[in-house]
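A structural walkthrough
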Amino acid sequence: MLSTEAPQVLSTEAPQVLSTEAPQVLSTGALKVPSTAGAQHRRCPAPQVPSTAGAQHRRCPAPQVPSTTGAQHRRCPAPKHRGCPAPEHRRCLGAEHRSTRGAQKLAGSAIPPDNTLMNVITIANRKGGVGKSTLAVNLASAFALSDWRVLLIDMDSQASATATLVGDLPDGAPSMAHVMLGSSTLADVITTSSRPGLHIAPAAKELTHAQLTIVSKPGRETILKRALRDITDHYDLVVIDTAPEQQLATVNSLVAASHVLMPFTPDPKALEGLRTTSEAVRELNDVELTQATVLGCVQIAYDRRLSVTEDAREQVAEAYGDKLLETVIRTNANFVVCPAWHHDIFALEEKERRKRGSEDFSALAHEVAQRLNSSRASVAA
Ligand SMILES: Nc1ncnc2c1ncn2[C@@H]1O[C@H](COP(=O)(O)OP(=O)(O)OP(=O)(O)O)[C@@H](O)[C@H]1O
Ligand SMILES: [Mg+2]
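Residues numbered from 1 in each chain as written. Chains lettered and ligands numbered in written order. Predicted model: local features only at pLDDT ≥ 70, side-chain atom pairs only at ≥ 80, totals over all residues. Heavy atoms only, no water.

Some words on the site of ligand 1
The local shell around ligand 1 holds 18 residues, among which Lys132, Ser133, Thr134, Arg330 and Asn332 are the closest. Backbone polar atom of Gly129 to an oxygen atom of ligand 1: 3.0 Å apart, as the coordinates give it. In this structure, Ser133 approaches ligand 1 through a main-chain N or O atom, which is 2.8 Å from an oxygen atom. Taken by itself ligand 1 offers 630 Å² of open surface, and the protein chains cover 78% of this. (Near = heavy atom within 4 Å. Polar contact = N/O pair within 3.5 Å; in protein donor to acceptor, adjacent residues only side chain to side chain. Areas by Shrake-Rupley, 256 points an atom, 1.4 Å probe, with all protein chains shown as cover.)

Written as structure tokens, this is what we have:
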């Protein structure tokens, strides 16, 4: 059952300094991912690793901030419970930890998660570089900041989302490649991330080979959907990042989805990508592999000074009507540096005066939550 707890009130407190510990694989018997806070950071003239791209670290010769476990998990009275998705350990995601995090919450009134069904939002667009991974990471983080229990699944062998929230995995570390091959369960590969409350099932380059290995396996399109059954009770929201190609991992992501969210930029190819992605969703519905619906289209890198921005918006409004989300993600160079610092936009902008990216994603999460609620209400009616 999903949490029925009321979300906490909005807070403007600053987030705490992130831990420099390596993320821990949650499942028993799984490998620990070694710290990335190695040699590079020993060269850093700043003794402590700050939580954001602060002044000290701008001087650091190693641009990567090590991946983190989140300080709140170290305060858990039962170390073995750290972030474990097993039911008896769920208090590790509970109120005591929520109260230890004072970061930016969602803008506007807080949004409680629905407690009847886990939402699975797949982020997809066949065009590359339209902001899928940026959207997946920061939307998931925005919900985690609002105390939803969130899992981000990286289904792209480029592993951009993993790089942003965890860092590079060592060769052979548990990842979604193992889940696709059937050699690990989803719980085996889930790990903590630099965003407290947000868990991640990471990707690695081995995912490319894994997809080729299972190409003739019966049930190959439903591997992820079946894997998700084991963790249904542990998360309010699952966000899945996908690759640009319509490969088996992407098909699995669409099949596993309850909703599909499609980012677009003014590029005509990105608009074409909206069409091919929504067609793919329809075709998978037709053959009863999924019941996913398109939740909406989100405009990325919005710049109101450019006429192409408005032109693209008008075209999408015409083609998709109210599927076009009102919230836009404005052009913001901070998104480009997030992967190098292994932080989401909320951590990166924490000490900045202007928090444009954080504001955009808080607003987007709010609108997405409202859409999830209305989509559920219309299904129930
Ligand atoms: N709002 C934004 N403003 C400026 N740059 C952005 C914005 N959103 C994303 N970017 C940048 O655009 C580039 C592509 O973004 P991202 O990697 O999220 O796209 P993608 O669709 O996941 O790419 P791929 O298809 O290769 O997986 C990245 O460098 C990212 O930092
Ligand atoms: Mg990507």
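Digging into helix H9 (residues 206–213)
Leu207, Ala210 and Gln211 are the residues of H9 that are buried. Viewed end-on, H9 has its buried residues packed into an arc of 100°, placing them on one side of the element. Exposed positions of H9 whose direction lies more than 90 degrees from the buried face are His209 and Leu212. (Buried < 20%, exposed > 50% of the residue type's maximum accessible area, 1.4 Å probe, protein only. Helix = DSSP H or I, 4+ residues; strand = E, 2+ residues; numbered from the N terminus. Arc of directions from axis to C-beta.)

So, the nonpolar core
Membership of the largest hydrophobic core comes to 41 residues, with the highest contact counts inside it found for Leu152, Leu261 and Val368. No other element matches the 9 residues that helix H5 (residues 132–145) contributes to this core. Aside from chain neighbours lying at most four places away, what touches Leu152 is Ala136, Val137, Ala140, Ala161, Leu165, Leu198, His199, Ile200, Ala201 and Val239. The next biggest cluster of nonpolar side chains, apart from the first, holds 27 residues, and it includes Ile153, Met155, Val179 and Ala249. (Core = buried A, V, L, I, M, F, W, Y, C linked by side-chain atoms within 4.5 Å. Contact = heavy atoms within 4.5 Å.)

Some thoughts on the pairing of strand E2 (residues 150–155)
Across the 6 residues that make up E2, a large majority, 6, are buried. A two-sided burial pattern is seen for E2, the buried positions comprising Val150, Leu152 and Asp154 on one face and Leu151, Ile153 and Met155 on the other. Note: E2 against strand E4 (residues 198–201), 4 bridges, orientation parallel. Counted as the bridge partner of Val150 is Leu198 from E4. (Pairing = 2+ DSSP bridges.)

Points about the environment of Val130
For Val130, the position within the fold is in the loop between strand E1 (119–123) and H5. Along the backbone, Val130 and Thr265 are 135 residues apart, and their C-alpha atoms lie at a distance of 5.8 Å. With residues near it in sequence (within four places) discarded, Val130 still touches Asn125, Pro263, Thr265, Ala270 and Ile300.

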